[in-house]
Amino acid sequence: HMFAMFGATVLVPILVNNYGLPLSIQTTLLFAGIGTLFFHVCTRLRVPAFLGSSFAFLGGFQAIANLDSGKYAAMEASEKLQYACGGIVVAGLLYVVLAGVIKLVGVKKVMRFLPPVVTGPIIILIGLNLAPSAVNNAKTCWWLALVAMAIIIAANIWGRGMIKIIPILLGVVGSYVIAVIANAMGATALDATGAVVPLMDFSTVADASPIGLQPFLTDFGGSIAKFDLTAILVMAPIAIAAMMEHIGDMSAISATVGENFIENPGLHRTLIGDGIATSLSAIFGGPANTTYGENTGVLVLSKVYDPKVIRLAAIYALVLSFSPMFAAVVNAMPAAIVGGVSFILYGMISAIGVRNVVENRVDFTNSRNLIIAAVILVCGLGFSGGLTFQVGGAQITLTALAIAAIAGIALNAILPGKDYEFGADVTDGRSADFGRY
């Protein structure tokens, strides 16, 4: 379970660092462990799920990193990260709100407002908006990016057993080892300005301590989340896609284990556990958490469904979080490897959105569905710089993804002829592979 979650969980802070925001690997691992343990307490120690870093919020991190108007114009990257985390805190609390509404009125009534015709295109946009950063990283050293891509594809297509479940980890580790050998032989790469630089830089590893505290503990005030309406409007709509992923994962884990966890301990409990774990992580400068499909794959493979095993993996994550040297070794990874991995990953996020639409059999011969999807896609791709406006003395920016989410939910609520009923057509085995985010 630790190997299954590790590659994707560590990759999130690496990608966010590439956007220019200093998200800590140590903090990420710490709150993956704490979040998982908290989730298990919330679900009465019954649900065998691991909570790792969510890729759904990467687009939000990138959008906030690129903000250059109003108060964000001259803001330091570390402070931007604090505001991004503040937005994630609110996104996590939206889980709690949804959990309360589900408890009061039932999941079917709630899901009528979040059908696949809305959530599918939003997930597609998350991947498409991230695509340029994958190319920019990969072009620093194309041959190394292709090596990372080849390992991931080979593991996922031809791998068997555990190999098929950990392709991201294998792609990162395999290409990292090749990069170390190539670096020793004098290989080079291009930096952001196009200058030729050594392929890898281990200077920070030599200065790092083998054991040490997480950054938020050593610099408490510099890591705590800050709140601003613009950052909240960037991050909060992404919770829609993340909540859909959570519901899909709970369905998949239930099918794998042979118990209905949506009924007992209840979807409201699993949402509260996931949401508060996300908010807790973000308060102290960590990323959003999400239930990991890779670990459901381990359940399928091992047939061991005891949640105690997952909790042991969470403790391993906690232990690793106390090593600055380990974090420095991971951070020494060439940008080209990040580009190669994200080349596959960002495309897979969009493909998952397509799969969400296909598996739920969204009828695009229905003009209503066609209009909703069309407006979402055009908003998400057309408002490339977002939409900035004044409210009183404050300047607020809505990103393209936020505009798309608001437009999609509003149109779905307004237009007549809803044709989706939650739970009417559930497919088994959706999480027993690499294709989750």
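Our subject is the structure that appears above.
First things first, this report covers the structure right here in the doc. Once a new chain begins, its residue numbering starts again from 1 and follows that chain's sequence as written. Restriction of local features to residues with pLDDT of at least 70 applies here, the model being predicted, together with a cutoff of 80 or more for giving and counting side-chain atom pairs; totals for whole chains, interfaces and linings are based on all residues. Just so you know, side-chain values use all the structure's heavy atoms and leave hydrogens and water out.

### Notes on the overall build of the chain
Moving on, step 1. The helix count covers DSSP runs of H or I at least four residues long, the strand count covers runs of E at least two residues long, and both are numbered beginning at the N terminus. A tally of regular secondary structure across the chain gives 20 helices and six strands.
Moving on, step 2. The C-alpha atoms of the chain give 21 Å as radius of gyration, which agrees with the globular expectation for 437 residues (22 Å, within 12%).
Moving on, step 3. Each principal axis of the C-alpha distribution contributes one length, and for the chain these read about 65 × 55 × 40 Å.
Moving on, step 4. Burial status follows relative accessibility: with a 1.4 Å probe on protein chains alone, a residue under 20% of its type maximum counts as buried, one over 50% as exposed, and anything between as partly exposed. For the chain, the residues scored as buried account for 56% of the 437 residues in total.
Moving on, step 5. For the chain, the proportion of contacts with a sequence separation of at least 24, taken over those separated by at least 6, is 82%.
Moving on, step 6. Using the Shrake-Rupley algorithm and a 1.4 Å probe, accessible areas are obtained, with residue cover drawn only from the displayed protein chains. A total of about 17100 Å² of accessible surface is found on the chain, and carbon and sulfur atoms cover 67% of it.
Moving on, step 7. Across the chain, the centroid of the 22 positively charged side chains sits 9 Å from that of the 22 negatively charged ones. Two things to know: the radius of gyration comes from C-alpha atoms, and the globule rule equals 2.2 Å times the number of residues to the power 0.38. Residue contacts follow a heavy-atom distance rule, with two residues in contact if any of their heavy atoms lie within 4.5 Å. As used throughout, the charge tally considers Lys and Arg to be positive and Asp and Glu to be negative, leaving His and the chain termini uncounted. One atom stands in for each charge, and that atom is NZ of Lys, CZ of Arg, CG of Asp or CD of Glu.

### Considering the nonpolar core
Moving on, step 1. As used here, the term nonpolar core means buried Ala, Val, Leu, Ile, Met, Phe, Trp, Tyr and Cys residues forming a set that is joined through side-chain atoms within 4.5 Å. Core analysis: the largest hydrophobic core is formed by 129 residues, its most contacted members being Leu-15, Phe-55, Phe-57, Leu-58, Phe-61 and Leu-199.
Moving on, step 2. Leaving out residues up to four positions away in the same chain, Leu-199 has contacts with Cys-141, Trp-143, Leu-144, Ala-179, Ala-182, Asn-183, Ala-187, Thr-188, Ala-189 and Pro-334.

### Quick look at unusual backbone geometry
Moving on, step 1. Geometrically, the link from Asn-264 to Pro-265 is a cis peptide bond, its omega value of 15° lying close to zero.
Moving on, step 2. Within the secondary structure, Pro-265 sits in helix H14 (residues 262–283).
Moving on, step 3. Despite not being glycine, Lys-303 has its phi angle at roughly 65°, a positive value.
Moving on, step 4. In this structure, Lys-303 sits in the loop between helix H15 (293–302) and helix H16 (307–320).
Moving on, step 5. Here Lys-303 falls in the exposed class, since its relative accessible area comes to 56%.
Moving on, step 6. One non-glycine residue with positive phi stands out, namely Arg-361, at about 55°.
Moving on, step 7. Counting through the fold element by element, Arg-361 comes out in the loop between helix H18 (335–359) and helix H19 (367–382).

### Describing the packing of aromatic side chains
Moving on, step 1. Ring pairs are drawn from Phe, Tyr and Trp, using the six-membered ring of Trp, whenever the two centres fall within 6.5 Å, and their geometry is named by plane angle: stacked under 30 degrees, edge-to-face over 60, tilted for the rest. Here the structure, examined in full by the defined rule, presents six aromatic pairs.
Moving on, step 2. Judged by centre distance (6.2 Å) and plane angle (70°), the rings of Trp-142 and Phe-343 are edge-to-face. With Trp-142 in helix H7 (residues 142–158) and Phe-343 in helix H18, this pair connects stretches of sequence that are 201 residues apart.
Moving on, step 3. Site record: aromatic cluster; members linked through ring pairs are Phe-31, Phe-216 and Phe-284.

### Things to note about H14
Moving on, step 1. The angle separating two fitted axes, one through the seven residues that finish at a residue and one through the seven that start at it, defines the bend at that residue. Maximum bend of H14: about 45°, positioned at Arg-269.
Moving on, step 2. Looking at the residues trailing H14, positive phi occurs at Gly-285, about 90°.

### A look at the packing of helix H6 (residues 116–138) against helix H13 (residues 238–257)
Moving on, step 1. Across the interface, H6 lies against H13 with an axial gap of 10 Å and an inter-helix angle of 110°. Between H6 and H13, the angle falls in the class roughly perpendicular. The two elements H6 and H13 meet at a crossing, and its hand is left-handed. Along its contact with H6, which presents Thr-119, Ile-122, Ile-123 and Ile-126, the element H13 presents Ile-240, Ala-241 and Met-244.
Moving on, step 2. Residues belonging to the contact of H6 with H13 are distributed by class as follows: six nonpolar, one polar and no charged. To get an axis, a line is fitted to the C-alpha atoms, and for a helix only the part in contact is used. The angle between two axes follows their N-to-C directions and goes from 0 to 180 degrees. Geometric relationships in this document are graded by angle, where less than 35 degrees denotes roughly parallel, more than 145 denotes roughly antiparallel, 65 to 115 denotes roughly perpendicular, and other angles denote oblique. Take the far helix as the reference: if the near one is turned anticlockwise from it by less than a right angle, the crossing is left-handed, and if turned clockwise, right-handed. Classification used: nonpolar for Ala, Val, Leu, Ile, Met, Phe, Trp, Tyr, Cys and Pro, charged for Asp, Glu, Lys and Arg, polar for all others including Gly.

### So, a nonpolar patch on the surface
Moving on, step 1. Grouping into patches uses exposed residues only, defined as over 30% relative accessible area, and leaves out salt-bridged ones; the cut-off is 9 Å for like charges and 5 Å for nonpolar side chains (Val, Leu, Ile, Met, Phe, Trp, Tyr). A pairing counts as a salt bridge when a side-chain nitrogen of Lys or Arg comes within 4 Å of a carboxyl oxygen of Asp or Glu. A cluster of nonpolar side chains, contributed by Leu-94, Val-97, Val-101, Leu-104 and Val-105, occupies part of the molecular surface with about 430 Å² of accessible area.
Moving on, step 2. Position of Val-105 relative to the elements: it lies in helix H4 (residues 77–105).

### Re H7
Moving on, step 1. The span you would expect from a helix comes to 1.5 Å times its residue count less one. Here H7 is 17 residues long and its end C-alpha atoms lie 23 Å apart, about the 24 Å a rise of 1.5 Å per residue gives.
Moving on, step 2. The complete set of buried residues in H7 reads Leu-144, Ala-145, Ala-148, Met-149, Ile-152, Ala-155 and Asn-156. Buried positions in H7, seen along its axis, are confined to an arc of 140° and lie on one side of it. Taking the helix axis as origin, the arc is that swept by the directions to the C-beta atoms.

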